[in-house]
Amino acid sequence: MIPYGRQEITQSDIDAVVDVLRSDFLTQGPMVAHFEETVARHVGSTHAVAVNSATSALHIACLALGLGQDDWLWTSPITFVASANCGLYCGAGVDFVDIDPRTYNLCPKALARKLEQAEREGRLPKIVAPVHLCGQPCDMAAIHALGKRYGFRIIEDASHAIGGKYRDEFIGNCRYSDITIFSFHPVKIITTAEGGMATTNDARLAERMSLLRSHGITRDPDLMTHEPDGPWYYQQIDLGFNYRMTELQAALGVSQMKRLDEFVARRHALAFRYDKMLTGLPVVTPWQHPDSYSGLHLYVIRLDPTQTDRRQLHVFESLRNQGIGVNVHYIPVHTQPYYRNLGFEPGDFPQAESYYAEAISMPMFHGMTEAQQDAVVEALRKAVQQ
Ligand SMILES: *Cc1c(COP(=O)(O)O)cnc(C)c1O
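Quick caveat: nothing in here was measured; it's all calculated off a predicted structure. (Residues numbered from 1 in each chain as written. Predicted model: local features only at pLDDT ≥ 70, side-chain atom pairs only at ≥ 80, totals over all residues. Heavy atoms only, no water.)

1. Concerning the UniProt feature "active site" (unreviewed entry) in the protein chain
Mapped onto this numbering, the UniProt entry annotates "active site" (unreviewed entry) at Lys 188. Positionally, Lys 188 belongs in the loop between β8 (179-183) and β9 (196-200). Residues in contact with Lys 188, not counting those within four places in the same chain, are Ser 159, His 160, Ser 183, Arg 267 and His 297. (UniProt positions renumbered as here; feature names shortened; annotations may be inferred. Helix = DSSP H or I, 4+ residues; strand = E, 2+ residues; numbered from the N terminus. Contact = heavy atoms within 4.5 Å.)

2. Points about the site of the ligand
Every one of the 15 residues lining the ligand counts as a neighbour, but Thr 55, Asp 157, His 160, Ser 183 and Lys 188 are closest to it. With respect to the ligand, the side chain of Ser 183 contributes an N or O atom lying 2.8 Å from an oxygen atom. The contact in question runs from an oxygen atom of the ligand to an N or O atom on the side chain of Tyr 330, over 3.0 Å. When the free accessible area of the ligand is taken as 380 Å², the share hidden by the protein chains comes to 93%. (Near = heavy atom within 4 Å. Polar contact = N/O pair within 3.5 Å; in protein donor to acceptor, adjacent residues only side chain to side chain. Areas by Shrake-Rupley, 256 points an atom, 1.4 Å probe, with all protein chains shown as cover.)

3. Overview of the sheet that holds β8
Neighbouring strands of a sheet are bound in pairs by backbone hydrogen bonds; such pairs are parallel or else antiparallel. Reading across from one edge, β1-β9-β8-β5-β4-β2-β3 is the order of the seven strands in this open sheet, with mixed pairing throughout. This sheet does not close on itself; its edge strands, each paired only once, are β1 (47-51) and β3 (93-96). On average, each strand axis in the sheet is inclined to that of its neighbour by 20°, with strand direction left out of account. The pairing of strand β5 (residues 153-157) with β8 spans three bridges and is parallel. Each bridged residue has a counterpart across the sheet, and for Ile 155 the counterpart in β8 is Ile 179. The strands that helix α2 (residues 30-43) touches are β1, β8 and β9; relative to β1, the one it contacts most, it runs at about 130°. (Pairing = 2+ DSSP bridges. Axes fitted to C-alpha atoms, helices over the stretch in contact; angles between N-to-C directions.)

4. Re the nonpolar core
By size, the foremost hydrophobic cluster in this structure holds 48 residues, and its most contacted members are Cys 62, Phe 96, Ile 155, Ile 179, Ile 181, Met 209 and Tyr 355. Sorting the residues of this core by element identifies β1, α3 (54-64), α4 (82-89), β3, β4 (127-129), β8, α7 (203-213) and α12 (350-358) as the ones contributing at least two each. Counting residues per element, this core draws most heavily on α3, which supplies eight residues. Ignoring anything within four residues of it in the chain, the contact list for Cys 62 reads Leu 67, Leu 73, Cys 86, Cys 90, Ile 127 and Ile 155. Phe 35, Trp 74, Ala 158 and Ile 189 belong to the second largest nonpolar core, which has 41 residues in total. (Core = buried A, V, L, I, M, F, W, Y, C linked by side-chain atoms within 4.5 Å. Buried < 20%, exposed > 50% of the residue type's maximum accessible area, 1.4 Å probe, protein only.)

5. Focus: the pairing of β9
Across the five residues of β9, five count as buried, placing the element largely inside the fold. Side chains of β9 alternate between two faces, with Gly 196, Ala 198 and Thr 200 and Met 197 and Thr 199 buried alike. Inspection of the sheet shows β8 paired to β9 by five bridges, in the antiparallel sense. Across the sheet, the residue bridging to Ile 179 is Thr 200, located in β9.

6. A look at the sheet that holds strand β15 (residues 359-362)
With respect to topology, three strands assemble into an open sheet ordered β12-β14-β15, the strand pairing being antiparallel. The outermost strands of the open sheet, each flanked by one partner alone, are β12 (283-284) and β15. In this structure, β12 lies alongside strand β14 (residues 299-303), joined through two bridges in antiparallel fashion. Looking at the pairing, Val 284 lines up with Arg 302 of β14.

Below you can see the structure in the form of structure tokens.
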């Protein structure tokens, strides 16, 4: 089976992890800070907070921004459930904004319309969390302008997008947001096995997230309610979690970061080849906004119903039977049973739902060979013809 995504691990990655195994610290040592500095420097943010997953990063980002009961978080329905669940963790309500049919990202026009209505009803969101689907950045300038007008804060879910650019600047510099989060799950662009990071330019938000990632405990006398009792002393000043990243993961992350530009460039080369080879097939290839340099975590095609009667399920099963590990990203979150129980219904976000009926993620990963890619395209040709 040719997988849809796969990590790229070299001997230098292995050596970096083994070095940590032989060192004094397996957790809470110097490597996590080193990884944070490496990412912050690369993307151009002043702060970075490493955690054990992007899901954890989303959770503490929401808490740091003060999300709580009676608040709303809005995100895209075409995302992994974690982008929405973080709002529910905080006791807030979650709602969605339909996608743009060309980029599949949260649509700023739909957002503007929904905000107008929410203002009338007195239920404006506290946080909007746009998701850079497949690595392509959202229209951040437009979303940011709406944030200024309606007073919401912005978390970019850039789980797919490290190494990508928006208007010639790296995603994660938070020019148009309060916090950006990344995922380092093995299918993503770089990996730490499990892991995530939040970047920000706000020292207070960074401090808050650092506290929340480790039980709400501080050793900083400036943050304590009174002088330390002694050198052993720490204080719990908030209710936090154990969301810490290990030194092993951070070492792998530092090592992977050295090849980030190469990883993204390789994905662009593969995507360019797919674009060319898929012309003539009844599919819509990914459209790239001229403002964006995508991280290209995913290469999603849409079956074009005006050109073929073949349905997604048929094509998907045919590809799987031919040894091609295709996938679908994502099932619209509002149609999940848990969200249906909160009152959402099929039909609520029509663009998201028609995207879901036609989308297939093609295999794309660093080590993919041209021969493998040729085999994928040949299998797709068969699948749409049979
Ligand atoms: C992978 C992913 C997450 C969650 O990442 P983890 O590191 O697995 O917690 C969140 N949002 C999106 C869009 C993702 O693709």
